Amino acid sequence: LANTVPFDDRINQFARVEDLSRTLMVEFLREVGSDLVGPAATLPLVELGRMMHVVGGPVEAPFPLNVGLLFFSPEPHKFFPCTQIDVVWFPEGLGASHFTEKEFRGPIHKIIREALDYIDRNYLSVTVIKHSDRPEAERVSNFPLDAIEEALVNAMYHRAYDEPRPVEVQISRQELIVWSFPGPDRSVKLEALRAGRA
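In this report, we go over the structure that sits alongside the text. (Residues numbered from 1 in each chain as written. Predicted model: local features only at pLDDT ≥ 70, side-chain atom pairs only at ≥ 80, totals over all residues. Heavy atoms only, no water.)

Points about the packing of aromatic side chains
Taken as a whole, this structure holds 12 aromatic pairs when the rule is applied. Geometrically, the ring pair formed by Phe7 and Tyr161 is stacked, given 6.2 Å between the ring centres and 15 degrees between the ring planes. Within this pair, whereas Phe7 is found in the segment before helix 1 (22–32), its partner Tyr161 is found in the loop between helix 6 (145–157) and strand 7 (167–171), the two being separated by 154 residues in sequence. Using a relative accessible area of 4% as the deciding quantity, one classes Tyr161 as buried. An angle of 65 degrees between the planes, with centres 6.3 Å apart, marks the rings of Phe28 and Phe71 as edge-to-face. One end of the pair, Phe28, is in helix 1; the other, Phe71, is in helix 4 (residues 66–72), and 43 residues separate them in sequence. The class of Phe28 is partly exposed, set by a relative accessible area of 25%. Since its relative accessible area comes to 16%, Phe71 is described here as buried. By the ring-pair criterion, three or more aromatic residues cluster together here, those being Phe28, Phe71, Phe72 and Tyr157. Here the basic side chain of Lys102 rests over the ring of Phe104, its NZ or CZ set 5.5 Å away from the ring centre. (Phe/Tyr/Trp six-rings, centres within 6.5 Å; stacked < 30°, edge-to-face > 60°. Helix = DSSP H or I, 4+ residues; strand = E, 2+ residues; numbered from the N terminus. Buried < 20%, exposed > 50% of the residue type's maximum accessible area, 1.4 Å probe, protein only. Lys NZ or Arg CZ within 6 Å of the ring centre and 35° of its normal.)

The following block contains the structure:
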């Protein structure tokens, strides 16, 4: 029966409501402009969690939901191994034995931002091309940040958290690849994606 409930909405009986951070919850509520911000500081944690739909179970035995642990536990990797983003730089090309790696751990919405900021600061650049026949210069990015953000958000929000493999961003001078496991559903064919019919 549990398999019919989406992973995010499942109760996690290996955690306690106290594993949720009120500070992270209030910070999130403030960020999204929720009316719950005011009462959040004084509400019992269980009640706040139920109002935010991150605590479930009967009154006598409340437990956090997986989504609550992913967003509001300071260390979600304690409950879901490899809940992290690894950004790997291959200066000599993908597959080379020389590379540098930076690991991001914490609540998933925070590590997405941290990883994107790190990639933007360290690996993205814009080339400016001036033309003699017109005053406007052309600006060309090596990798578009919007596309990286879309890929990384999807990789983190739609990955299988029961798979002990991190989301990995592999960067070389020629390409940037976002790895997420188990990957797309096997019924989706590459030809269908290319044709826009998946």
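Regarding the side chain of Thr83
You can see Thr83 is positioned in the loop between helix 4 and strand 3 (84–89). Of note is the side chain of Thr83, whose polar atom sits 2.5 Å from the backbone oxygen of Phe80. Discounting residues that sit within four places of it in the chain, Thr83 has contacts with Leu70, Pro76, His77, Arg105, Ile108, Ile111, Arg159 and Tyr161. (Polar contact = N/O pair within 3.5 Å; in protein donor to acceptor, adjacent residues only side chain to side chain. Contact = heavy atoms within 4.5 Å.)

Let's talk about the pairing of strand 7
Consecutive side chains along a regular strand alternate between the two faces of the sheet. With respect to burial, strand 7 is a largely interior element, five of its five residues being buried. Residues Val167, Val169 and Ile171 line one face of strand 7 and the alternating positions Glu168 and Gln170 line the opposite face, and both faces are buried. Note: strand 3 against strand 7, five bridges, orientation parallel. Within strand 7, the residue paired with Val88 across the bridge is Gln170. Sheet analysis places strand 7 next to strand 8 (residues 176–179), joined by four bridges and oriented antiparallel. Across the sheet, the residue bridging to Val169 is Val178, located in strand 8. Counting the residues in the hairpin turn of strand 7 and strand 8 gives four residues. (Pairing = 2+ DSSP bridges.)

Quick word on the sheet that holds strand 3
A sheet is described by the order of its strands in space; here four strands give the open sequence 4-3-7-8, paired in mixed fashion. The sheet is open, and its two edges are formed by strand 4 (100–105) and strand 8, each paired on a single side. The mean inter-strand angle of the sheet, taken between neighbouring strand axes irrespective of direction, is 15 degrees. Running at roughly 10 degrees to strand 3, helix 5 (residues 108–123) makes contact with strand 3, strand 4, strand 7 and strand 8 of the sheet. (Axes fitted to C-alpha atoms, helices over the stretch in contact; angles between N-to-C directions.)

Examining a nonpolar patch on the surface
Residues Val188, Leu190 and Leu193 make up a contiguous nonpolar surface patch of roughly 240 Å² in combined accessible area. The topology assignment puts Val188 in the loop between strand 8 and helix 7 (190–195). According to the relative accessible area criterion, Val188 is partly exposed, its value standing at 34%. (Patch = residues over 30% accessible without salt bridge, like charges linked within 9 Å, V, L, I, M, F, W, Y side chains within 5 Å. Areas by Shrake-Rupley, 256 points an atom, 1.4 Å probe, with all protein chains shown as cover. Salt bridge = Lys/Arg side-chain N within 4 Å of Asp/Glu carboxyl O.)

Regarding the environment of Phe79
Take Phe79: it is sitting in the loop between helix 4 and strand 3. In this structure the C-alpha to C-alpha distance between Phe79 and Ala115, which are 36 residues apart in sequence, comes to 21 Å.

Details of helix 5
Compared with an ideal rise of 1.5 Å per residue, which puts 16 residues at 22 Å, helix 5 spans 22 Å between its outermost C-alpha atoms and is within 8% of the ideal. Taken together, the buried positions of helix 5 are Ile108, His109, Ile111, Ile112, Ala115, Leu116, Tyr118, Ile119 and Tyr123. (Expected span 1.5 Å × (residues − 1).)

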